[in-house]
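Residue-level structural notes
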Amino acid sequence: MPTDNSPFLTPVLARTTALGAEVYAGLTAAPKSLSPWLFYDQRGSALFEQISDLPEYYLTRTERAIFRSHGSEIMRAAAGGRRLAVLELGAGTASKTGLLLAAAVAQQGSADYYAIDVSESALLEAKRNLERELPGVRVHTRVADYTEGLGEIDAPGERKLVLYIGSSVGNFEPAAAAALLRSLRAELAPGDQLLLGADQVKEEATLLAAYSDRQGITAAFNRNVLVRINRELGADFAPETFVHEALWNPTASRIEMHLRSRIRQAVEIPGLDLTVHFGAGESIHTENSYKFTDAGVVASLEGSGFALRRTWKDERGWFAVYLAEATAT
């Protein structure tokens with residue numbers, strides 16, 4: 001239990017925080033799980049940037065290549081003759097977004113860019129880099145869960161283009177992803193645009209390699225969630241006793257990431273007044289990454305109040321970027 005001098009909240013209060021509530025619910029469930037948003041503290045965000053540059057992790061460079069080849073075309077199609085304000089959900093360091101913003105500046109002279117992310121350090125880096133490299137872009141940052149508060153961003157007289165790229169939608173269960181798209185549509189006006197990046201179904205070996213690289217950076221990224229729980233809730237996880245595991249679930253069309261306990265052990269989490277018992281081989285399910293087909297994406301968009309306008313893919317068809325318009329309700 002924390003003392004009066006402890007940096008941790010009392011267990012009752014800790015369970016009311018987003019992190020405490022997620023950890024308590026996930027580690028007392030059967031089977032155990034944790035939400036992937038917990039990955040993205042400062043170190044986790046930095047590790048993900050390293051993952052994005054790995055040879056096995058094709059997603060980032062493939063989507064970036066689509067933006068490099070088709071950025072001007074994408075932004076013209078999104079604008080439809082109007083001025084765009086660009087909003088990004090889960091912006092991170094916005095390393096790919098500059099290609100689209102450069103096209104927006106070339107098209108309309110300047111642009112307002114609203115970056116939303118849970119990582120303040122990533123947003124500060126994005127703002128610093130974009131304002132240095134693209135003087136015509138005004139960067140506005142918001143530290144928040146991107147599933148909330150989008151409607152509070154006011155861009156009067158401009159058409160909104162919401163970027164939800166990187167196949168982040170694949171981290172949600174299908175019902176939750178549909179609910180997110182419906183919620184997003186509710187905060188947009190008819191004619192506003194959504195640019196959705198979605199990783200496509202492909203051969204298992206390519207998918208598995210992308211989530212279990214030979215350098216072990218994805219393993220460090222996965223285990224970092226335990227390091228974060230230790231730091232923020234006073235837990236005594238020994239991360240080296242958990243094995244990173246990536247599995248392909250063809251029935252659900254998703255990659256699953258797990259942390260599997262090598263041994264039978266008990267972990268104390270004083271910040272939650274909780275002891276978590278693990279059997280040898282028991283896992284914490286830390287992430288799903290769903291893979292998509294065109295038909296599945298179109299059905300999700302149309303069921304959420306959007307109409308597909310354009311699609312762009314790389315030469316191999318490994319990744320797709322969909323432009324959809326918010327329709328009148």
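Residues numbered from 1 in each chain as written. Predicted model: local features only at pLDDT ≥ 70, side-chain atom pairs only at ≥ 80, totals over all residues. Heavy atoms only, no water.

**Examining the layout of surface pockets**
Regions of empty space are outlined by a rolling probe, equal in size to a water molecule, passed over the atoms. Operational definition: Of the two site types, the cavity is a set of points on a 1 Å grid over the protein atoms alone where a 1.4 Å probe fits but cannot get out, and the pocket is an open set with protein on both sides within 12 Å along at least five of seven lines, each lined by residues with an atom within 4 Å of a point. Grid points are joined across faces, edges and corners, and a volume is the space filled by probe spheres set on the points. Strands are runs of DSSP state E lasting at least two residues, helices are runs of H or I lasting at least four, and both sets are numbered from the N terminus onward. Classes in brief: Ala, Val, Leu, Ile, Met, Phe, Trp, Tyr, Cys and Pro nonpolar; Asp, Glu, Lys and Arg charged; the others, Gly included, polar.
Estimates place the volume of the second largest pocket at around 210 Å³. Lining the second largest pocket are 17 residues, with Pro 174, Ala 177, Phe 292, Gly 296 and Ser 300 positioned closest to its centre. Those elements giving two or more residues to the lining of the second largest pocket turn out to be helix H7 (174-186), strand S6 (193-199) and helix H10 (294-303). With four residues, H7 is the single largest residue contributor to the lining of the second largest pocket. Grouping the constituent residues of the lining of the second largest pocket by class yields twelve nonpolar, four polar and one charged.

**What about the sheet that holds strand S11 (residues 283-290)?**
Quick note on the threshold: At least two bridges found by DSSP between two strands is the condition for calling them paired.
If you trace the four strands from one edge of the open sheet to the other, you get S1-S11-S8-S7, paired in mixed fashion. Looking at which strands have only one partner, the edges of the open sheet turn out to be strand S1 (32-33) and strand S7 (242-249). Here strand S8 (residues 254-261) runs beside S11; their pairing, made up of seven bridges, is antiparallel. Looking across to S11, one finds that Ile 255 is bridged to Ser 289.

**With respect to the pairing of strand S3 (residues 111-117)**
How we decide: Under the scheme applied here, a residue whose accessible area is under 20% of the maximum for its type counts as buried, over 50% as exposed, and between as partly exposed, the area being computed with a 1.4 Å probe on protein chains only. Here a crossover is taken to be right-handed if, once the strands point away from the viewer, the path from the first strand over the helix to the second is traced clockwise.
Where burial is concerned, most of S3 is hidden: seven out of the seven residues are buried. With four bridges joining them, strand S2 (residues 84-89) and S3 adopt parallel strand pairing. Of the residues in S3, the one forming a bridge with Leu 89 is Ile 116. Taken together, S2, helix H5 (residues 97-108) and S3 constitute a β-α-β crossover, and its handedness is right-handed. The pairing of S3 with strand S4 (residues 137-143) spans seven bridges and is classified as parallel. Paired with Ala 111 across the bridge in S4 is Val 137. Note that the unit made of S3, helix H6 (residues 120-133) and S4 has a crossover that is right-handed.

**Topic: the nonpolar core**
Threshold: What makes a nonpolar core is a set of buried Ala, Val, Leu, Ile, Met, Phe, Trp, Tyr and Cys residues whose side-chain atoms join them at distances within 4.5 Å. Working rule for contacts: check all heavy atoms of both residues, and any pair within 4.5 Å makes them a contact.
Among the nonpolar cores identified, the biggest contains 70 residues, and Val 23, Met 75, Tyr 113, Leu 195, Phe 237 and Ile 269 are the most heavily contacted of them. Sorting elements by how many residues they give to this core places helix H4 (residues 58-79) first, with eight residues. Discounting chain neighbours no more than four positions away, the residues touching Val 23 are Leu 34, Leu 38, Ile 229, Leu 233, Ile 269 and Leu 272. Tyr 146, Val 162, Leu 188 and Leu 196 belong to the second-largest nonpolar core, a separate cluster that totals 28 residues.

**So, the confidence of the model for the protein**
Filter applied, for reference: Confidence per residue, as judged by the predictor, is encoded in pLDDT with a range of 0 to 100.
Across the protein, the average pLDDT comes to 93, with 95% of residues at 70 or higher. Taken together, the stretch residues 1-6 has pLDDT below 50 and engages in seven contacts with residues farther than four places along the chain or on a different chain.

**Remarks on the packing of aromatic side chains**
The following threshold applies: Side-chain rings of Phe, Tyr and Trp (the six-membered ring for Trp) are treated as a pair once their centres are within 6.5 Å; stacked means planes under 30 degrees apart, edge-to-face means over 60, and tilted covers the remaining angles.
The full count for this structure, using the stated rule, is eleven aromatic pairs. Between Phe 48 and Tyr 57 the ring centres are 6.0 Å apart and the planes differ by 80°, which places this aromatic pair in the edge-to-face class. Overall, Phe 48 belongs to the partly exposed group, its relative accessible area being 23%. Residue Tyr 57 is classed as buried on the basis of its relative accessible area of 7%. Members of the aromatic cluster, joined through ring pairs, are Phe 39, Tyr 40, Phe 48, Tyr 57, Tyr 211 and Phe 221.

**With respect to the pattern of salt bridges**
The condition that has to hold: For salt bridges, the criterion is a side-chain nitrogen of Lys or Arg within 4 Å of an Asp or Glu carboxyl oxygen.
Throughout the structure, instances matching the rule amount to 18 salt bridges. For Arg 254, the salt bridge is made with Glu 173, and the minimal N-O distance between the two is 3.6 Å. Of the two residues, Arg 254 is situated in strand S8 and Glu 173 in the loop between strand S5 (159-164) and H7; the sequence distance between them amounts to 81 residues. A residue is classified by how much of its surface remains accessible, and Arg 254, at 14% relative accessible area, is buried. What makes Glu 173 partly exposed here is its relative accessible area of 36%. One connected set of salt bridges, linked through shared partners, spans Asp 41, Arg 228, Arg 231 and Glu 232.

**Side note on the environment of Trp 312**
Stated formally: Throughout this description, a polar contact denotes any pair of N or O atoms lying within 3.5 Å of each other; where both atoms belong to protein, one of them has to be capable of donating a hydrogen while the other can accept it, and for residues adjacent in sequence the pair is counted only when both atoms sit in side chains.
Assignment of secondary structure puts Trp 312 in strand S12 (residues 306-313). A residue is classified by how much of its surface remains accessible, and Trp 312, at 4% relative accessible area, is buried. Once the C-alpha coordinates of Trp 312 and His 70 are considered, the two residues, 242 residues apart in sequence, prove to be 7.8 Å apart. Among residues more than four places away in sequence, those in contact with Trp 312 are Ile 66, His 70, Glu 73, Ile 74, Ala 77, Leu 195, Phe 319, Ala 320, Val 321 and Leu 323. Among the polar contacts made by the side chain of Trp 312, one reaches the side chain of Glu 73 at a distance of 3.4 Å.

**Things to note about the sheet that holds strand S13 (residues 319-326)**
We apply this condition: Between N-to-C directions, angles span 0 to 180 degrees; the directions come from axes that are lines fitted to C-alpha atoms, helices contributing only their stretch in contact.
Taking strand neighbours across the sheet as the criterion, the seven strands line up as S4-S3-S2-S5-S6-S13-S12 in an open arrangement whose pairing is mixed. Edge strands, defined here as strands with exactly one partner in the open sheet, are S4 and S12. Averaged over all pairs of adjacent strands, the angle between their axes in this sheet comes to 20°, without regard to strand direction. Across the sheet, H10 touches S6, S12 and S13, and the angle it forms with S12 is around 150°.

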